[in-house]
Amino acid sequence: DDITIAIAGPLSPYSFDYVINSTTGFIKGEQAIRFQIQFTFKSSLAGYYKDTITVKFNNNKIVQDLDENYLETKSVDKKVPFFLVVISDAEKATASGQSTASIVSLLLTFGTSIFISVVLGGTVEATWLLLGTIQMMSFMPLFNLNLPANFREFSKN
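Residues numbered from 1 in each chain as written. Predicted model: local features only at pLDDT ≥ 70, side-chain atom pairs only at ≥ 80, totals over all residues. Heavy atoms only, no water.

Participant: I keep staring at the overall build of the chain and nothing clicks. Help me out?
Facilitator: Each helix and strand in the chain was counted, giving three helices and five strands. Start at the N end of the chain and walk to the C end: the helices and strands fall as β-β-β-β-β-α-α-α. For the chain, with 157 residues in total, the buried portion stands at 16%. Entry remark: accessible area of the chain is about 12,300 Å², with carbon and sulfur atoms responsible for 59%. (Helix = DSSP H or I, 4+ residues; strand = E, 2+ residues; numbered from the N terminus. Buried < 20%, exposed > 50% of the residue type's maximum accessible area, 1.4 Å probe, protein only. Areas by Shrake-Rupley, 256 points an atom, 1.4 Å probe, with all protein chains shown as cover.)

Listed below in structure tokens is the structure:
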């Protein structure tokens, strides 16, 4: 290969494809050939200047102008300033299913709340108190606290 592209960083190894596009333009009145490397990442990047993309030209003469001027550099290193999270199709489907379940749950909650307040003439405070309690119970395992065994057993389901 005339060009070797490598990416190094904390989430190595990276999976990516690239396409090289070249254009001819003028810089300060002189004709210049520019090229752009466009990446399609298949894995996530850590970002914040932790990942380094290295482009190594094994053959400097692959990019030549009409006067046979060619690249003077052998390699280029570029730090990646942004982070990139790649989500697989399976993860997208799971998130979509969870989103649908959340919307149905929310609609049922509001429906029950309206039913209690309108039809039964009661207050919705009890419903919201119940929801707050359920929410706190569902977050308890995430707090990494020492909990009694019966609560851990109860919260598994």
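Participant: Can you help me understand the packing of aromatic side chains in this one?
Facilitator: The geometry of an aromatic ring pair is captured by the separation of the ring centres together with the interplanar angle, meaning the angle of the planes. Taken as a whole and assessed by the stated rule, the structure comprises three aromatic pairs. When the centroid spacing of 5.7 Å and the interplanar angle of 65° are considered together, the rings of F16 and F39 count as edge-to-face. Of this pair, F16 sits in strand 2 (residues 16–27) while F39 sits in strand 3 (residues 30–41), and the two are 23 residues apart along the sequence. F39 gets classed as partly exposed once you look at its relative accessible area, which sits at 21%. (Phe/Tyr/Trp six-rings, centres within 6.5 Å; stacked < 30°, edge-to-face > 60°.)

Participant: What am I meant to see in the sheet that holds strand 5 (residues 75–80) here?
Facilitator: Consider a sheet: its strands pair through backbone hydrogen bonds, and that pairing is either parallel or antiparallel. With antiparallel pairing, the three strands of this open sheet are ordered in space as 1-4-5. Two strands lie at the open edges of the sheet, namely strand 1 (3–8) and strand 5, each paired on one side alone. Sheet twist, expressed as the average angle between the axes of neighbouring strands with direction ignored, equals 15°. Here strand 4 (residues 51–57) runs beside strand 5; their pairing, made up of six bridges, is antiparallel. When the sheet's bridge partners are listed, K56 is paired in strand 5 with S75. (Pairing = 2+ DSSP bridges. Axes fitted to C-alpha atoms, helices over the stretch in contact; angles between N-to-C directions.)

Participant: Could you clarify how one ought to interpret the side chain of D51 in this entry?
Facilitator: Along the chain, D51 turns up in strand 4. At 2.4 Å, the side chain of D51 and the side chain of Y14 are in polar contact. Among residues more than four places away in sequence, those in contact with D51 are A8, G9, P10, Y14, L45, A46, K78, K79 and V80. (Polar contact = N/O pair within 3.5 Å; in protein donor to acceptor, adjacent residues only side chain to side chain. Contact = heavy atoms within 4.5 Å.)

Participant: I keep staring at unusual backbone geometry and nothing clicks. Help me out?
Facilitator: With omega at 0°, the peptide bond leading from S12 into P13 counts as cis. Tracing the backbone shows P13 in the loop between strand 1 and strand 2.

Participant: Before we go on, may I ask you to explain the pattern of salt bridges in this structure?
Facilitator: Inspection of the entire model under this criterion finds one salt bridge. With its nearest N and O atoms 2.9 Å apart, the salt bridge here joins D17 to K42. On the criterion of sequence distance, the pair formed by D17 in strand 2 and K42 in the loop between strand 3 and strand 4 is long-range, its members being 25 residues apart. With a relative accessible area of 38%, D17 lands in the partly exposed category. Residue classification places K42 among the partly exposed positions, given a relative accessible area of 48%. (Salt bridge = Lys/Arg side-chain N within 4 Å of Asp/Glu carboxyl O.)

Participant: Explain the environment of S113 here, please?
Facilitator: Mapped onto the elements of the fold, S113 is located in helix 1 (residues 89–118). By relative accessible area, which is 8% here, S113 ends up buried. A sequence separation of 12 residues divides S113 from E125, and the C-alpha atoms of the two residues are 9.0 Å apart.

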